[in-house]
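Residue-level listing of the chains:
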Amino acid sequence: NKEQAAKQQQYAARQDSIRMAEFENDTTAVIEADTMNVTNAVDTLSPFFPSLTGTDEIYTISNSHVKVGISSKGGIPCRVELNDYKNQQGGNVIIFDQSEISLNIRIDGKDRNISTGDLYFIPTDVTGRSITMRMLTQGYGSLDFHYELDPESYMVNLDIRANGMSDLLPSN
């Protein structure tokens, strides 16, 4: 009967869609795995070679209200803790920690884009309330993320500075 044939066609179309989605996911996984293998091989000719490897360390800036952890991998905040508020166990309230955040800043370059998430930064100009995380390049300057906490505030200021990177970044 026509109704049963239509249902069978819908079912077959649905199964085909599921198989196609599974195939695309499998293909994507293989491509991502291949990309990761290529990415994991350190490119010694890359302008970002000095920042391709490193150790993920956390550096802390704080004031009387807030404590912020900055990761050397990606140069980003990875933990924020409020000093003025307590959780149910009596500890400080944690807004987020490393397992709950992912941040990748993408900067359009002349020949290639810069994605900071997989690059390693080194701390410079460290004080109690501020830190500059620097991404080094191979002869093309550096990229600085300067974080500063206002003295009596929860606000974290971020200033991004490209130093001597005119050969990598467009002028506009």
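Quick notes on the rules
Residues numbered from 1 in each chain as written. Predicted model: local features only at pLDDT ≥ 70, side-chain atom pairs only at ≥ 80, totals over all residues. Heavy atoms only, no water. Helix = DSSP H or I, 4+ residues; strand = E, 2+ residues; numbered from the N terminus. Buried < 20%, exposed > 50% of the residue type's maximum accessible area, 1.4 Å probe, protein only. 1 Å grid on protein atoms, 1.4 Å probe; cavity = no way out; pocket = protein on both sides within 12 Å on 5 of 7 lines; lining within 4 Å. Points joined across faces, edges and corners; volume = space filled by probe spheres on them. Nonpolar A, V, L, I, M, F, W, Y, C, P; charged D, E, K, R; others polar. pLDDT = per-residue confidence, 0-100. Contact = heavy atoms within 4.5 Å. Phe/Tyr/Trp six-rings, centres within 6.5 Å; stacked < 30°, edge-to-face > 60°. Core = buried A, V, L, I, M, F, W, Y, C linked by side-chain atoms within 4.5 Å. Pairing = 2+ DSSP bridges. Axes fitted to C-alpha atoms, helices over the stretch in contact; angles between N-to-C directions.

Undergrad: Honestly, the overall build of the chain in this entry has me stumped. Any pointers?
TA: A tally of regular secondary structure across the chain gives 1 helix and 10 strands. Starting at the N terminus, the α and β elements of the chain follow one another as α-β-β-β-β-β-β-β-β-β-β. Per-residue burial over the chain gives 29% buried out of 172 residues.

Undergrad: Sorry, what's going on with the layout of surface pockets here?
TA: The probe, sized like a water molecule, is rolled over the atoms to show the empty space still left. Roughly 190 Å³ of volume is contained in the second largest pocket. As for the second largest pocket, its lining consists of 13 residues, of which Lys73, Ile76, Ile101, Leu103 and Gly117 are closest to the centre. Across the lining of the second largest pocket, the residue classes tally to 4 nonpolar, 6 polar and 3 charged.

Undergrad: Teacher, can you tell me more about the confidence of the model for the chain here?
TA: The predicted coordinates of low-pLDDT regions are not to be read in fine detail. Per-residue pLDDT for the chain averages 82, and the proportion of residues at 70 or more is 77%. The secondary-structure element of the chain with the lowest mean pLDDT is helix 1 (residues 2–40), recorded at 60, while strand 2 (residues 66–71) shows the highest, at 96. A low-confidence stretch, residues 33–39 (pLDDT under 50), is modelled with 0 contacts involving residues beyond four sequence positions or located in other chains.

Undergrad: In this structure, what is going on with the packing of aromatic side chains? I would like to understand it.
TA: Any two aromatic rings considered together are summarised by their centre-to-centre distance and by the angle between their planes. One pass over the full model with this rule turns up 1 aromatic pair. Ring plane angle 35° and centroid distance 5.0 Å describe the contact between phenylalanine 121 and phenylalanine 145, whose orientation is recorded as tilted. Taken together, the positions of phenylalanine 121 in the loop between strand 6 (114–115) and strand 7 (122–124) and phenylalanine 145 in strand 9 (residues 142–149) put the pair 24 residues apart, joining distant regions of the chain. Of the two residues examined, phenylalanine 121 and phenylalanine 145, each falls in the buried class.

Undergrad: Help me understand the nonpolar core in this model?
TA: Generally speaking, nonpolar side chains in soluble globular proteins are found buried as a group. Counting 24 residues, the largest nonpolar core has Val68, Ile114, Met133, Met135, Phe145, Tyr147 and Met165 as its most contacted members. At the level of elements, strand 2, strand 3 (77–86), strand 8 (130–136) and strand 9 are the ones that each hand at least two residues to this core. A per-element tally of this core places strand 9 first, with 4 residues. Not counting chain neighbours up to four residues away, the residues in contact with methionine 135 comprise Phe48, Ser51, Ile114, Leu119, Tyr120, Phe121, Gly141, Ser142, Leu143 and Met165.

Undergrad: Just checking my understanding: could you explain the sheet that holds strand 2 for this structure?
TA: Within a beta sheet, neighbouring strands are joined by backbone hydrogen bonds and run either parallel or antiparallel to one another. One open sheet accounts for 4 strands, arranged 1-2-3-4; its pairing is antiparallel. Looking along the sheet, the strands with just one partner apiece sit at the ends: strand 1 (58–62) and strand 4 (92–96). With strand direction ignored, the average angle separating the axes of adjacent strands in the sheet is 25°. When strand 2 meets strand 3, the two strands line up antiparallel, connected through 5 bridges. If you follow lysine 67 over to strand 3, its bridge partner there is glutamate 81.

Undergrad: What am I meant to see in the sheet that holds strand 10 (residues 156–163) here?
TA: Taken in spatial order, the 4 strands line up as 7-8-9-10 in an open sheet, and their pairing is antiparallel. The sheet is open, and its two edges are formed by strand 7 and strand 10, each paired on a single side. Averaged over all adjacent pairs, the angle separating strand axes in this sheet is 25°, with direction ignored. Bridging between strand 9 and strand 10 involves 8 bridges; their strand directions are antiparallel. Bridge pairing in strand 10 links histidine 146 to aspartate 159.

Undergrad: Which parts of the structure should I look at to understand the environment of phenylalanine 96?
TA: With respect to the element layout, phenylalanine 96 can be found in strand 4. Residues phenylalanine 96 and cysteine 78 lie 18 residues apart in sequence; the distance between their C-alpha atoms is 7.4 Å. Apart from residues lying up to four places away in sequence, phenylalanine 96 is in contact with Pro77, Cys78, Arg79, Val80 and Ile101.

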